[in-house]
Structures are given as structure tokens and as C-alpha cells.
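An overview of the molecular structure
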Amino acid sequence: MKQARFAVLAAFSVCASARAQDATTSSVPTPFTVSKSAQLLTGDTWRDGDHLFRLYGVQSCLRGTSAEQPNGNKLDCGNISLAHLAALFDSAAVTCQPIGYALDKAAFVVCGAQLNGDTIDVGTALIATGYAFAATTAKGKAVNENYLIAEINAKMKRAGLWGTTFQHPVQLLLNKRSERQQ
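Overview of the structure. This structure is a prediction, so every number in the text was calculated from the model and none was measured.

Take the pairing of strand S10 (residues 118–121) next. Two strands pair when backbone bridges link them, and strand S9 (residues 107–115) and S10 are joined in this way by four bridges, in the antiparallel orientation. Looking at the pairing, Ala-113 lines up with Ile-120 of S10.

What follows is the structure, encoded as C-alpha cells:
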């Protein structure tokens, strides 16, 4: 009888251990390559199949807002951000690591692009070239300090959208949030 109980206990322990390993393994997000068929929604968000992804710490220009060039020509600021994300995704193999979830269930990701044998951070590339911005918390603090530095450098160089007149998307979002709270 003792042997039977020991065998059952041992079998239960092995099964419980296997279940715990499976749960741990399946809950760890794995890196993935962005599909060339992904549907780009904004300059920081895309859909691939049933999954929604958003670059962590990156805020693209908002679609429907204007970027006015020095010659007075007005362009859709969000479409400019989107076009630069599309160009990067089209010209490089992009691999992303999920790191969490947004309130809308989008997976926040950090991504690297393979360009000419080097891996570059996608967020840094978009922000440093002036086509995206450092996202902030609701209190206006940068989510990623490195992205804020890249944004300041792009602004000083008047790179990308910084060479136009536009409403900063982070400020627009913070203003909208403030209006909703009143």
C-alpha cells in the first residue's frame, strides 16, 4: 500500500512539475519577425493577423494632424510617420520582443531592424530621424529616457518633422487627457 501511495505521489509530482514548466514556458513571450504582410495602422502600431502591436516608448505623429512645410504646403503628419515606419519595415528584417500590454490589448514591443549587417533599435531610428517622438506617461515623464535624448537631438538638428511646423503628438494627447478629466 505504501508503494502504491508513493507511486501516485511521485506521478502527481512529475505531472505538476511538467504543468508548471509548461505554464512558465508558455507565459514567456518569444521574439517574432514582423511579417511583410502586417497592416500598418499608424507610425507606431500595426496589426498582424489577429494581433495588435505597438512600439513601446514611441509616439508617432497623429493621423489627421498637419505638418506645415516652410513653403506653406500642409501634409498629414500621421501619414508621414506611418510612411517612415513602412519604409523601415520594408527595407529591413525586423524582429520584436513583446514586453507587455496596452489598455487596448495591443502588445507593447521593442524591435530591432537588421540593416547592412547591423541591428538598430526601431524606436531610436524613427525618433532620431524626426519621424516619431518619445512617448510619455500621463504625467508627462518620458517612458524611455534614451528616446527622449534622441528626440531632443532630432529637434536640435531640425530632422524630419522637426523641419516643419506641427502640433507635438504627446502634447496633444496630454491635453486631451486633461480635458477628459475636467
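A few words on the packing of aromatic side chains. In total, this model carries seven aromatic pairs according to the counting rule given. Ring centres of Phe-32 and Phe-53 lie 4.6 Å apart, and the angle between their planes is 35 degrees; on these two criteria the pair is classed as tilted. On the criterion of sequence distance, the pair formed by Phe-32 in strand S1 (residues 32–33) and Phe-53 in strand S4 (residues 51–55) is long-range, its members being 21 residues apart. With centroids separated by 5.1 Å and ring planes inclined at 70 degrees, the aromatic side chains of Trp-162 and Phe-166 adopt a geometry described as edge-to-face. In terms of burial, Trp-162 and Phe-166 fall into one category: buried. Each residue in the set Phe-32, Trp-46, Phe-53 and Phe-89 is aromatic and connected to the rest through ring pairs, giving one cluster.

Two residues of an α-helix separated by three or four positions point the same way, owing to the 3.6 residues in each turn. Spanning 15 residues, helix H2 (residues 77–91) covers 22 Å between terminal C-alpha atoms, matching the ideal 21 Å at 1.5 Å per step. Those residues of H2 that sit buried are Cys-77, Gly-78, Ile-80, Ser-81, Leu-82, Leu-85, Leu-88 and Phe-89. Its side-chain oxygen placed 2.9 Å from the backbone nitrogen of Gly-78, Asp-76 serves as the N-cap of H2.

Counting through the fold element by element, Ser-60 comes out in strand S5 (residues 58–60). Note on Ser-60: relative accessible area 2%, which makes it buried. Polar contacts involving the side chain of Ser-60 include one to the main-chain amide nitrogen of Gly-43, which spans 3.4 Å. Leaving out residues up to four positions away in the same chain, Ser-60 has contacts with Thr-42, Gly-43, Asp-44, Ser-81, Ala-132, Phe-133 and Pro-169.

Cut-offs applied
Residues numbered from 1 in each chain as written. Predicted model: local features only at pLDDT ≥ 70, side-chain atom pairs only at ≥ 80, totals over all residues. Heavy atoms only, no water. Pairing = 2+ DSSP bridges. Helix = DSSP H or I, 4+ residues; strand = E, 2+ residues; numbered from the N terminus. Phe/Tyr/Trp six-rings, centres within 6.5 Å; stacked < 30°, edge-to-face > 60°. Buried < 20%, exposed > 50% of the residue type's maximum accessible area, 1.4 Å probe, protein only. Expected span 1.5 Å × (residues − 1). Polar contact = N/O pair within 3.5 Å; in protein donor to acceptor, adjacent residues only side chain to side chain. Contact = heavy atoms within 4.5 Å.

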